[in-house]
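Fold and geometry: a report
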Amino acid sequence: MLSRRNPQLNANGELIHLLSIEGLPRAVLHQILDTAGTFLSVNDRDVKKVPLLRGKSVFNLFFENSTRTRTTFEIAAKRLSADVINLDINKSSTAKGESLLDTIANLSAMHADMFVVRHSESGAPYLIAQHCAPHVHVVNAGDGRHAHPTQGLLDMYTIRHFKKDFTQLTVAIVGDIVHSRVARSDIHALGILGVPEIRAVGPRTLVPGDLAAMGVRVCHDMAEGIRGADVIIMLRLQNERMSGAMLPSAGEFFKQYGLTPEKLALAKPDCIVMHPGPINRGVEIESSVADGSHSVILPQVTFGIAVRMAVMSTIAGNQA
Amino acid sequence: MKILIRNGRVIDPASGRDETADVTIASGRIVGIGSGADFEADRTIDATGLVVAPGLVDLAARLREPGQEHEGMLESELAAAAAGGVTSLVCLPDTDPVLDEPGLVEMLKFRARKLSRCRLFPLGALTRKLEGAVLTEMAELTEAGCVGFSQVDVPVADTQVMLRALQYASTFGYSVWLRPQDAWLGKGVAAQGAVATRLGLSGVPVAAETIALMTIFELVRATKARVHLCRLSSAAGVALLRAAKAEGLPVTADVSINSLHLTDVDIGYFDPAMRLTPPLRQGADRDALRAALADGTIDALVSDHNPVDEDAKNLPFGEAEPGATGLELLLSLALRWGTDAGLTLAQALARVTHEPVRVLGDAVGSLASSAGRLVEGGVADVCIFDPAAEWKVTPDALASQGKHTPFGFGSTGMALPGRVRATLVAGTVAYEAA
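Residues numbered from 1 in each chain as written. Chains lettered and ligands numbered in written order. Predicted model: local features only at pLDDT ≥ 70, side-chain atom pairs only at ≥ 80, totals over all residues.

1. Examining the overall build of chain B
- Regarding its fold elements, chain B presents 14 helices and 19 strands.
- Since a compact globule built from 434 residues should have a radius of gyration of about 22 Å, the 21 Å found for chain B is in line with a globular shape.
- Once the C-alpha set of chain B is aligned to its principal axes, its extents read approximately 65 × 50 × 40 Å.
- Relative to its full complement of 434 residues, chain B shows a buried share of 59%.
- When contacts within chain B are restricted to residue pairs at least 6 apart in sequence, those whose partners lie at least 24 apart make up 75%. (Helix = DSSP H or I, 4+ residues; strand = E, 2+ residues; numbered from the N terminus. Rg over C-alpha atoms; globule rule 2.2 N^0.38 Å. Buried ≥ 20, exposed ≤ 12 C-beta atoms within 10 Å, placed from the backbone. Contact = placed C-beta atoms within 7 Å.)

Next up, the structure:
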């Protein structure tokens, strides 16, 4: 069958939506990270605003709740001088039986310029991008298990900030990878940026062998997985996975795969520890590690706003 | 009405006949195949350059009546059948209400007869409301016109019920139609594999099919029940079927046009048209299915026609309703597969004509001897098509109320081979191309 053009790029190969990191050119990623660097200084100014999106309307469409992510997008859009409208769709239209595309059509009629979409179904932002007006840009703020590209980019910004060169790194991603959109976006981004060794670490129920096709080394042993790592990305273990057929208990998971100072000693001495948040202390990571000298979890959050500003201003500047 | 089909390439896959001839028809039956020079016809159809074949027999089509008329209606879907050259079809019992009572089956058959576009052979539900607990009144349903009993896409989780259903059906010689799918492993929206993992879609492992097949085969050994396996999807499933047939178990099987031509890679960027049941698997599975259909391990090719409306399809992949329109694509996709596999036209057509009739067996009564064939004295169910013509599958080109198909020209950019010019059911023209 015929394969279609990557729907997030226009005919010139420019980014018009950010739906996934998969398939993006390395130059596009670096350009976004470079742009984010220029915005970091904005965040330190007294007047934390630039006029790049003045007069534009950004709609936060969160079909799945997330106060944190929504807030960071809101801050980023406001620092770009956009008007921000937050819609908690769970509580409004879909509850009344309105279809996803009807909701999109209605919001488009309100002259939206950008949709920031979070949805529990993998691929939902693709459907929206294919059906919204041509001038509207779509940012995927997390879809099902599929992708969380802005998180992936802020993780890359963090790694570049602390490690400079991607091409010599060993990066270990630990935990519930099968259900993680963050892990998928990180894996794609790390691969594009030239990281030679990406490891996916966890039990077989959470780290399927099929992941190898994405260019990662699958490790079921924690020691093997983090030995010699330059970067460790710990994933949040969702409550519903903590007991059942995926895992017997949070305690057993912590014992096998939780990041403790002892396990961290297996990694490189200058290893950085990342986490997309919110953290489950004592489930995937011990407090002393989360708050310790290797942790860059709070810088991630700071960088996250600059990266989202960079994404929004980049796609708003490109036309379908 | 006496009809002369003149100078066509007459292909009867069952006998191997493939020659230029006239076909004469009177009183709904084929009078002769050869020269029609002396035949006084009321109507002459010039089939020069066209193939005159038996009408197609489709073992799986949902018409969505009763209860789901917003997605499809007898009138539109039987028109689609006729436009696709399909003269007999087996419809599935997962309607609303479920086909578990004789009255519903009689009504459906009556309405179809009035439209006289296509012969309708309903499957009855194997268990009441398809709930997998209580058997339906199989004898009554058979009397009403059911040709077999099916659970469609609702697996019977309780193997005790399954054993009893097969025991009971085999008592009377009824056939049971099962899609092999484990009730628990079958949950998921795409085939397990690299594509589903990459896209973050929940996967259905091959074991969902093979475990169910092994269970079914063991129960067939115990009961001698006649089982038709619907919509095989995996290479491992094909291997189990091949072994079961070699052992002599009374089983037959079909594959859908979708699984025969597509793989999970075709999901692309979450295309809801590719949301199908069973899910599209990998290239090696597709190759095994194609080989098994060619060597007869799989008996029949089916459209798995399932019209789905816009509202149910234009959703995120996992929420989209599975299914695609297919009745009008069956001939073209059989021809394309035949060409790819290096088969003759007759060999390719066999899988959509007399082989499916063989699967139906005695359940279709006297039709068993001539449906799916072109024989003198037999029923005049005929499909006349142009093998050289290509057509573009577009929503406007489809008679079916269901417009979604993975083979749409808009997404594939490819035209399909073979265009139906006329369809005759019992000697009456049911469809004629404009």
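2. Brief notes about the overall build of chain A
- When its secondary structure is counted, chain A shows 11 helices and 9 strands.
- Expected size for 320 residues packed as a compact globule is a radius of gyration near 20 Å; at 19 Å, chain A falls within 12% of this value.
- Taking the principal axes of the C-alpha coordinates as reference, chain A spans close to 55 × 45 × 45 Å.
- The buried share of chain A, taken over its 320 residues, is 49%.
- Sequence-distant contacts in chain A: of pairs separated by 6 or more residues, those separated by 24 or more amount to 76%.

3. Let's talk about the sheet that holds strand β4 (residues 137-143) of chain A
Residues and elements named next belong to chain A.
- Ordered by their spatial adjacency, 4 strands build an open sheet running β2-β1-β3-β4, and the pairing between neighbours is parallel. At either end of the open sheet lies a strand with only one pairing partner, and these are β2 (83-88) and β4. The average undirected angle you get between the axes of adjacent strands in this sheet is 15°.
- As judged from the 6 bridges shared by strand β1 (residues 57-62) and β2, these two strands associate in the parallel manner. Bridge pairing in β2 links V58 to V84. (Pairing = 2+ DSSP bridges. Axes fitted to C-alpha atoms, helices over the stretch in contact; angles between N-to-C directions.)

4. Considerations on the confidence of the model for chain B
- Per-residue confidence for chain B gives a mean pLDDT of 96; residues scoring 70 or more make up 100%.
- At the level of chain-chain contacts, confidence expressed as ipTM amounts to 0.93, with global pTM at 0.95. (pLDDT = per-residue confidence, 0-100.)

5. Some words on the interface of chain B and chain A
- Each partner contributes residues to the interface: chain B has 21 residues there, and chain A has 25 residues.
- Of all the secondary-structure elements, those providing two or more residues to the side of chain B that touches chain A are α5 (194-199) and α14 (409-412) of chain B.
- With 4 residues, α5 of chain B is the largest single contributor of residues to the side of chain B that touches chain A.
- Residues that form the side of chain B that touches chain A fall into these classes: 8 nonpolar, 9 polar and 4 charged. (Nonpolar A, V, L, I, M, F, W, Y, C, P; charged D, E, K, R; others polar.)

6. Points about helix α11 (residues 330-340) of chain B
Residues and elements named next belong to chain B.
- Here α11 lies mainly inside the structure; 9 of its 11 residues are buried.
- Taken together, the buried positions of α11 are occupied by L330, L331, S332, L333, A334, L335, R336, W337 and G338.
- Count one or two residues on from α11 and you reach G342, which has phi positive near 70°.

7. Some details on the environment of V52 of chain B
All names here are of chain B.
- Summarising the element assignment, V52 is placed in strand β5 (residues 51-54).
- With 24 residues separating them along the chain, V52 and S76 place their C-alpha atoms 25 Å apart.
- What V52 contacts, discounting residues up to four positions off in sequence, is I5, G8, R9, V10, V23, A47, V382 and I384.

8. Here we look at unusual backbone geometry
- Each neighbour pair has its own omega, and for G277 of chain A with P278 of chain A the value is -15°, a cis peptide bond.
- Counting through the fold element by element, P278 of chain A comes out in the loop between β9 (272-274) and α10 (287-290).
- Between T277 of chain B and the following residue, P278 of chain B, the backbone shows a cis peptide bond with an omega angle of -5°.
- Topologically, P278 of chain B is positioned in the loop between α8 (257-261) and α9 (283-295).
- Positioned with a positive phi, N7 of chain B is a non-glycine residue whose angle comes to about 60°.
- Topologically, N7 of chain B is positioned in strand β1 (residues 3-12).

9. So, the packing of helix α2 (residues 67-79) of chain A against helix α11 (residues 297-316) of chain A
All names here are of chain A.
- Here α2 crosses α11 at 60°, and the two axes come no closer than 8 Å. Between α2 and α11, the angle falls in the class oblique. Between α2 and α11 lies a crossing of right-handed hand. In this structure, α2 uses T72, F73, I75, A76, A77 and R79 to contact α11, whose residues at the interface are G304, I305, R308, M309 and M312.
- Tallied by class, the residues present in the contact of α2 with α11 amount to 7 nonpolar, 2 polar and 2 charged. (Parallel < 35°, antiparallel > 145°, perpendicular 65-115°, else oblique. Left-handed = near helix turned anticlockwise from the far one by under 90°.)

10. As for the sheet that holds strand β6 (residues 56-61) of chain B
All names here are of chain B.
- Pairing within the open sheet is parallel, and its 3 strands lie in the order β6-β7-β8. Two strands in the sheet have a free side with no partner beyond their single neighbour: β6 and β8 (119-122). Pairs of neighbouring strands in the sheet enclose a mean axial angle of 20°, with direction left out of account.
- Sheet topology note: the β6/strand β7 (residues 86-91) ladder contains 4 bridges and is parallel. Of the residues in β7, the one forming a bridge with D58 is L89.

11. Considerations on the pairing of β5 of chain B
Residues and elements named next belong to chain B.
- Where β1 lies against β5, 2 bridges are found, and the strand directions are parallel. Each bridged residue has a counterpart across the sheet, and for R9 the counterpart in β5 is V51.
- Sheet topology places β5 next to strand β17 (residues 382-391); 4 bridges connect them, and they run antiparallel. In the strand pairing of β17, V51 is matched with F385.

12. A few points about helix α7 (residues 235-247) of chain B
All names here are of chain B.
- The terminal C-alpha atoms of α7 lie 19 Å apart, and with 13 residues this matches the ideal 18 Å at 1.5 Å per residue to within 8%.
- Burial in α7 covers these residues: G237, V238, L240, L241 and A244. Down the axis of α7, the sector holding all buried residues measures 160°, keeping them to one side.
- Summarising the contacts, the buried residues of α7 are in contact with α6 (207-223), β14 (226-229), β15 (251-256) and α9.
- Positive backbone phi, at 95°, marks G248, one or two positions downstream of α7. (Expected span 1.5 Å × (residues − 1). Arc of directions from axis to C-beta.)

13. Here we look at the nonpolar core
- F115 and I232 of chain A together with V176 of chain B are the most contacted members of the largest nonpolar core, which totals 250 residues.
- Every residue in contact with I232 of chain A, bar those within four places of it in the chain, is listed here: A172, V174, I226, L259, A267, C271, V273 and M274 of chain A. (Core = buried A, V, L, I, M, F, W, Y, C linked by C-beta atoms within 7 Å.)

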